[in-house]
Amino acid sequence: MELTGKLAEAFNNQVTLELSAATVYRQLAVEMDVQSLPGIAGWFRAQAAEEIVHAEKFMTHMTDRAAHPRIGEQQAPALNVKSVADAFEASLAHEQKVSEAIRELYRLAQTESDIDSMPLLHWFIDEQVEEEATVGEILDRVRMIGDNGAGLLRLDAELGARQSQEA
Ligand code: FEO
């Protein structure tokens with residue numbers, strides 16, 4: 001079934017938001033590189049790559065349903081990151097914003113009786129629960145570590161391992 005105009009517009013906004021998330025994560029990666037934490041930087045870079053995949057998923061669904069994806073103007077907020085905790089706080093805040101946007105999409109799909117987009121939106125709802133949980137857990141640990149350099153280096157090594165696992 002063809003995507004309705006209202007939903008197509010909302011999907012487009014979501015594509016733009018996912019791409020904005022990729023930009024936020026790229027900037028967070030840079031911030032961690034600046035602080036000489038290459039493992040955490042790599043983790044944020046992998047997260048940025050995942051956001052591109054999310055945007056692609058929405059665009060594929062749109063083209064599959066005779067809609068025309070159009071990437072809008074990206075709004076990447078200026079980040080003031082002075083610590084690793086700041087970086088993960090920014091990440092969690094952004095994920096929460098994305099989660100709410102997905103819920104809004106879901107509500108709209110329900111209003112429009114758009115059954116065909118439900119499996120995709122369910123996937124994203126699950127994904128957001130997982131993303132918020134992952135970032136929240138890392139943030140808890142970062143707060144526990146505080147100013148402990150050894151702890152931070154251990155976390156850097158651990159998060160850096162994500163790249164080799166996913167490579
Ligand atoms: Fe695509 Fe991390 O939300």
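Residues numbered from 1 in each chain as written. Predicted model: local features only at pLDDT ≥ 70, side-chain atom pairs only at ≥ 80, totals over all residues. Heavy atoms only, no water.

Caption draft 1: View of the overall build of the chain. Helices and strands together make up the secondary structure of the chain, namely five helices and zero strands. Out of the 167 residues in the chain, the part that is buried amounts to 48%. Contacts in the chain between residues far apart in sequence, at least 24 positions, make up 80% of those at least 6 positions apart. Each charge class in the chain can be summarised by its mean position, and for the 14 positive and 29 negative side chains these summaries are 2 Å apart. (Helix = DSSP H or I, 4+ residues; strand = E, 2+ residues; numbered from the N terminus. Buried < 20%, exposed > 50% of the residue type's maximum accessible area, 1.4 Å probe, protein only. Contact = heavy atoms within 4.5 Å. Lys, Arg positive; Asp, Glu negative; His and termini not counted. Charge placed at Lys NZ, Arg CZ, Asp CG, Glu CD.)

Caption draft 2: Fine view of the packing of helix H1 (residues 5-34) against helix H2 (residues 38-64). At a minimum axis distance of 8 Å, the contact between H1 and H2 shows a crossing angle of 170 degrees. In terms of orientation, H1 and H2 fall into the roughly antiparallel class. Here the residues of the contact of H1 with H2 are counted per class, giving 21 nonpolar, five polar and five charged. (Axes fitted to C-alpha atoms, helices over the stretch in contact; angles between N-to-C directions. Parallel < 35°, antiparallel > 145°, perpendicular 65-115°, else oblique. Nonpolar A, V, L, I, M, F, W, Y, C, P; charged D, E, K, R; others polar.)

Caption draft 3: Molecular detail of the packing of aromatic side chains. Per the counting criterion, the structure on display carries seven aromatic pairs. Centre to centre, the rings of Trp-43 and Phe-88 are 5.6 Å apart; their planes meet at 50 degrees, and the pair counts as tilted. Taken as a pair, Trp-43 in helix H2 and Phe-88 in helix H3 (residues 84-111) lie far apart in primary sequence, 45 residues in all. For Trp-43, a relative accessible area of 5% puts it in the buried group. Consider the rings of Phe-58 and Phe-124, whose centres lie 4.2 Å apart with planes at 15 degrees: the pair is stacked. Placement of the pair is Phe-58 in helix H2 and Phe-124 in helix H4 (residues 118-145), with a sequence separation of 66 residues. The class for Phe-58 is buried, based on a relative accessible area of 0%. For Phe-124, a relative accessible area of 0% translates into the label buried. (Phe/Tyr/Trp six-rings, centres within 6.5 Å; stacked < 30°, edge-to-face > 60°.)

Caption draft 4: Quick look at the nonpolar core. In this structure, Leu-28, Met-32, Ile-40, Phe-44, Val-84 and Phe-88 are the most contacted members of the largest nonpolar core, which totals 26 residues. The set of elements that each furnish at least two residues to this core consists of H1, H2, H3, H4 and helix H5 (149-166). Here this core gets six residues from one element, more than from any other, and that element is H3. Ignoring anything within four residues of it in the chain, the contact list for Met-32 reads Leu-37, Ile-40, Ala-41, Phe-44, Val-81, Ser-83, Val-84 and Ala-87. (Core = buried A, V, L, I, M, F, W, Y, C linked by side-chain atoms within 4.5 Å.)

Caption draft 5: Structural view of the pattern of salt bridges. Applying the stated criterion across every chain, the model contains seven salt bridges. Ionic pairing is found between Glu-100 and Arg-103, a salt bridge with its closest N-O pair at 2.6 Å. With Glu-100 and Arg-103 both in helix H3 and three residues apart, the pair spans about one turn of that helix. Judged by its relative accessible area of 33%, Glu-100 is partly exposed. Members of the salt-bridge network, linked through shared partners, are Glu-100, Arg-103, Glu-104 and Arg-107. (Salt bridge = Lys/Arg side-chain N within 4 Å of Asp/Glu carboxyl O.)

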